[in-house]
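Now for the letters of each chain:
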Amino acid sequence: MISSPRTAVFLGVTVFGLVCSPGYAEETIKATLLKNNTIQLDTSRVKAGTVTFDVSNAPDTAQTHELVVLKTDLAADKLPVKNGQVPESQFKKMGEVEDLVPGKGKRMTLKLAPGRYVLICNRPGHYSMGLHASLVVMP
Ligand SMILES: [Cu+2]
């Protein structure tokens, strides 16, 4: 039951949004780089296809971060490190967002095939501090 004009407007906008969305499944992952040097994902399993990463650096981190998506079967905390960084060239790099100052967010949309992925911040020293997370893409 529609109880107020405000509700009616809200419902109208919602229906409009659904009608206008693309005809294929699209997944969105919210990824937040946190002050305690972790990457928090609101989901760690998505379906293959178009995946949008809504990446943000929490306002209180006091550090610039980035987010790099690598396709690898290695565990998130078992990647090689050389001079403080994961050698990205040794991996299949799917995409990245860079230069996220505290409180800032960026979006990135990738086509991901089924498999295992690791998300890292690869600014010097940051991976080893714990800024990594794993993502499973299901068929
Ligand atoms: Cu970082």
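Shown above is the structure to which this text applies.
The structure presented is a predicted model; accordingly, all values stated were derived computationally and were not measured.

Asks: What's the story with the overall build of the protein chain in this structure? I'm lost.
Replies: Looking only at helices and strands, the protein chain features 2 helices and 9 strands. Its helices and strands taken in sequence order, the protein chain reads α-β-β-β-β-β-β-β-β-α-β from the N to the C terminus. Buried residues in the protein chain amount to 37% of all 139 residues. Counted over contacts in the protein chain with a minimum sequence separation of 6, partners at least 24 positions apart contribute 68%. Approximately 8000 Å² of the protein chain is accessible, and the part contributed by carbon and sulfur atoms is 56%.

Asks: Any chance you could explain the packing of aromatic side chains here in plain terms?
Replies: Note on aromatic pairs: each is described by the distance of the centres and the angle between the planes. This model, assessed by the stated rule, comprises 0 aromatic pairs. The ring of Tyr-117 is capped by Lys-71, whose NZ or CZ atom sits 5.5 Å from the centre of that ring.

Asks: Sorry, what's going on with the coordination of the copper ion here?
Replies: In an ideal tetrahedron of four donors about a metal, each angle is 109.5 degrees. In an ideal octahedron of six donors, the angles are 90 or 180 degrees. Taken together, His-65 (ND1), Cys-121 (SG) and His-126 (ND1) make up the protein donors of the copper ion, found 1.9 to 2.1 Å from the metal. Donor residues binding the copper ion come from one chain and are separated in sequence as H-x55-C-x4-H. One end of the pair, His-65, is in strand E5 (residues 65-71); the other, Cys-121, is in the loop between strand E8 (115-120) and helix H2 (126-129), and 56 residues separate them in sequence. A residue is classified by how much of its surface remains accessible, and His-65, at 0% relative accessible area, is buried. The class of Cys-121 is buried, set by a relative accessible area of 0%.

Asks: Hey, could you run me through the sheet that holds strand E4 (residues 49-57) in this one?
Replies: In a beta sheet, neighbouring strands pair by backbone hydrogen bonds and run either parallel or antiparallel. On the basis of which strands lie adjacent, the open sheet formed by 4 strands has the order E2-E1-E4-E7 and mixed pairing. Pairing within the sheet leaves two strands with one partner each, and these edge strands are strand E2 (39-41) and strand E7 (105-112). Geometrically, the sheet is characterised by an average inter-axis angle of 25° between neighbouring strands, direction not taken into account. Pairing of strand E1 (residues 26-33) with E2 involves 3 bridges; the strand directions are antiparallel. Bridging across to E2, Ala-31 finds its partner in Leu-41.

Asks: Any chance you could explain the sheet that holds E8 here in plain terms?
Replies: If you walk across this open sheet you meet the 5 strands as E3-E9-E8-E5-E6, and the pairing is mixed. A strand with exactly one partner marks an edge of an open sheet, and here the two such strands are strand E3 (45-47) and strand E6 (92-100). Across the sheet, the mean angle from the axis of one strand to that of its neighbour is 20°, orientation sign disregarded.

Parameters and conventions
Residues numbered from 1 in each chain as written. Predicted model: local features only at pLDDT ≥ 70, side-chain atom pairs only at ≥ 80, totals over all residues. Heavy atoms only, no water. Helix = DSSP H or I, 4+ residues; strand = E, 2+ residues; numbered from the N terminus. Buried < 20%, exposed > 50% of the residue type's maximum accessible area, 1.4 Å probe, protein only. Contact = heavy atoms within 4.5 Å. Areas by Shrake-Rupley, 256 points an atom, 1.4 Å probe, with all protein chains shown as cover. Phe/Tyr/Trp six-rings, centres within 6.5 Å; stacked < 30°, edge-to-face > 60°. Lys NZ or Arg CZ within 6 Å of the ring centre and 35° of its normal. Donors = N, O, S within 2.8 Å, 3.2 Å for Na, K, Ca; no water. Pairing = 2+ DSSP bridges. Axes fitted to C-alpha atoms, helices over the stretch in contact; angles between N-to-C directions.

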